[in-house]
Amino acid sequence: MTEIVKYLPLNGEDKNTYLRYLTTTDLPEIIELQTAVYEALEDKNRLEPLDEDEFLTILEGDSLMVGIFHQEKLVAFRAFLNPAADEEGLGKDIGLTEEDYAQIIYSEISNVHPDFRGNRLQTRMGKFIMEQLDSTAYRYVLATVAPGNIPSMKDKFALGMRIYKMKEKYGGKLRYIYCNDLQLHNVGDGEHREIKMNDITGQANLMKEGYIGTGMKNKDNEWLIIYQK
């Protein structure tokens, strides 16, 4: 078994739950978990599953994929990916140039088994990976999230990521494009606006005016996105 990196007790101080880096030998469990997560989704458009070859590309590269195990069973995983040339075009979407591509890393995919939701496992894995990143090699952490995928949106904001663009990706599926510029501080400290998440046109107009999404809140049982510039 690959060396345990960190214990993550969910109840008390037991050592039944831990985090470790994943390898190619974990691929069957990764696929099994992704299938379980996907089948449990009411809205299948919220997740863009990866195939075995895509997982192998991640697992055979830098150590950028971790999993959480409970009683030796994989219950969550998260993968970051160092793309060769901004393969999904996320950097280009937010205005980065080819000179920036070498400094891009994607927050590629996160899955948490339905039975283990509510433990902030997605964000805990993300923070762990980001703490290990070589900040001299990477500057831009990019990700896509479907509007309405509240847990994933909260996760990205918790990792310091901001919404820079909203665009159709993956064959016409609407996605927020998040970015954390690791060298940029005090992002969006100026004028702010709050807008309903389902107001797609309004958000697009704010982005055209130079606003970026810096947070979210629930008001009267309706989600609002906070935009600042």
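Everything in this summary refers to the structure shown in the same document.

Quick notes on the rules
Residues numbered from 1 in each chain as written. Predicted model: local features only at pLDDT ≥ 70, side-chain atom pairs only at ≥ 80, totals over all residues. Heavy atoms only, no water. Pairing = 2+ DSSP bridges. Helix = DSSP H or I, 4+ residues; strand = E, 2+ residues; numbered from the N terminus. Phe/Tyr/Trp six-rings, centres within 6.5 Å; stacked < 30°, edge-to-face > 60°. Buried < 20%, exposed > 50% of the residue type's maximum accessible area, 1.4 Å probe, protein only. Arc of directions from axis to C-beta. Contact = heavy atoms within 4.5 Å. Polar contact = N/O pair within 3.5 Å; in protein donor to acceptor, adjacent residues only side chain to side chain. 1 Å grid on protein atoms, 1.4 Å probe; cavity = no way out; pocket = protein on both sides within 12 Å on 5 of 7 lines; lining within 4 Å. Points joined across faces, edges and corners; volume = space filled by probe spheres on them. Nonpolar A, V, L, I, M, F, W, Y, C, P; charged D, E, K, R; others polar.

## Things to note about the pairing of strand E10 (residues 212-219)
1) Next: Sheet topology places E10 next to strand E11 (residues 222-228); seven bridges connect them, and they run antiparallel. For Lys219, the partnering residue across the bridge sits in E11 and is Glu222.
2) Next: As consecutive antiparallel partners, E10 and E11 are separated by two residues, and within that stretch Asp220 has a phi angle of approximately 55 degrees, a positive value.

## Some words on the packing of aromatic side chains
Centre-to-centre distance and the angle between the planes together describe a pair of aromatic rings.
1) Next: Evaluation of the coordinates by the stated rule reveals six aromatic pairs.
2) Next: For the pair Tyr18 and Phe69, a centre-to-centre distance of 5.6 Å together with 10 degrees between the ring planes defines the contact as stacked. Note that Tyr18 is positioned in strand E2 (residues 17-21) and Phe69 in strand E3 (residues 65-70), a separation of 51 residues in sequence.
3) Next: Of the residues examined, Tyr18 reaches a relative accessible area of 2% and is grouped as buried.
4) Next: The buried category is assigned to Phe69, whose relative accessible area is 2%.

## Brief notes about helix H2 (residues 52-59)
1) Next: Residues of H2 that are buried include every one of Phe55, Ile58 and Leu59, and no others. Around the axis of H2, the buried residues are gathered within 95 degrees of arc, so they sit on the same side. For H2, the exposed residues set more than 90 degrees away from the buried face come down to Asp53 and Thr57.
2) Next: Where H2 is buried, its residues meet helix H1 (27-40), E3, strand E4 (73-81) and strand E5 (104-112).
3) Next: Two or three places before Asp53, at the opening of H2, Asp51 has a side-chain oxygen 3.2 Å from that residue's backbone nitrogen.

## What to know about the layout of surface pockets
1) Next: Taken as a whole, the largest pocket encloses approximately 1,000 Å³ of empty space.
2) Next: Contributing to the lining of the largest pocket are 42 residues, with Ser110, Gln122, Asn149, Pro151 and Ser152 lying nearest its centre.
3) Next: At the level of secondary structure, the elements contributing two or more residues to the lining of the largest pocket comprise H1, E5, helix H4 (121-132), strand E6 (140-145) and helix H5 (150-158).
4) Next: Ranked by residue count, the leading element in the lining of the largest pocket is E5, at seven residues.
5) Next: Class assignment for the residues of the lining of the largest pocket results in 19 nonpolar, 10 polar and 13 charged.

## Quick look at the side chain of Ser107
1) Next: Locating Ser107 in the fold gives a position in strand E5.
2) Next: A distance of 3.1 Å separates the side chain of Ser107 from the side chain of Arg78, its partner in a polar contact.

## Let's talk about the pairing of E4
1) Next: Counting buried residues in E4 gives eight out of nine residues, a clear majority hidden from the surface.
2) Next: In this structure, E3 lies alongside E4, joined through six bridges in antiparallel fashion. Counted as the bridge partner of Ile68 is Ala76 from E4.
3) Next: Linkage of E3 to E4, two consecutive antiparallel strands, is achieved through a turn of two residues, within which Gln71 is found at a positive phi near 50 degrees.

## Topic: the environment of Leu142
1) Next: The residue Leu142 is located in strand E6 in this model.
2) Next: Here Leu142 falls in the buried class, since its relative accessible area comes to 0%.
3) Next: In sequence terms Leu142 and Ile163 are 21 residues apart; their C-alpha atoms lie 9.8 Å from each other.
4) Next: Ignoring any residue separated from it by four or fewer positions in sequence, one finds Leu142 in contact with Leu90, Gly91, Ile94, Ile104, Ile105, Tyr106, Ser107, Met161, Tyr178 and Cys179.

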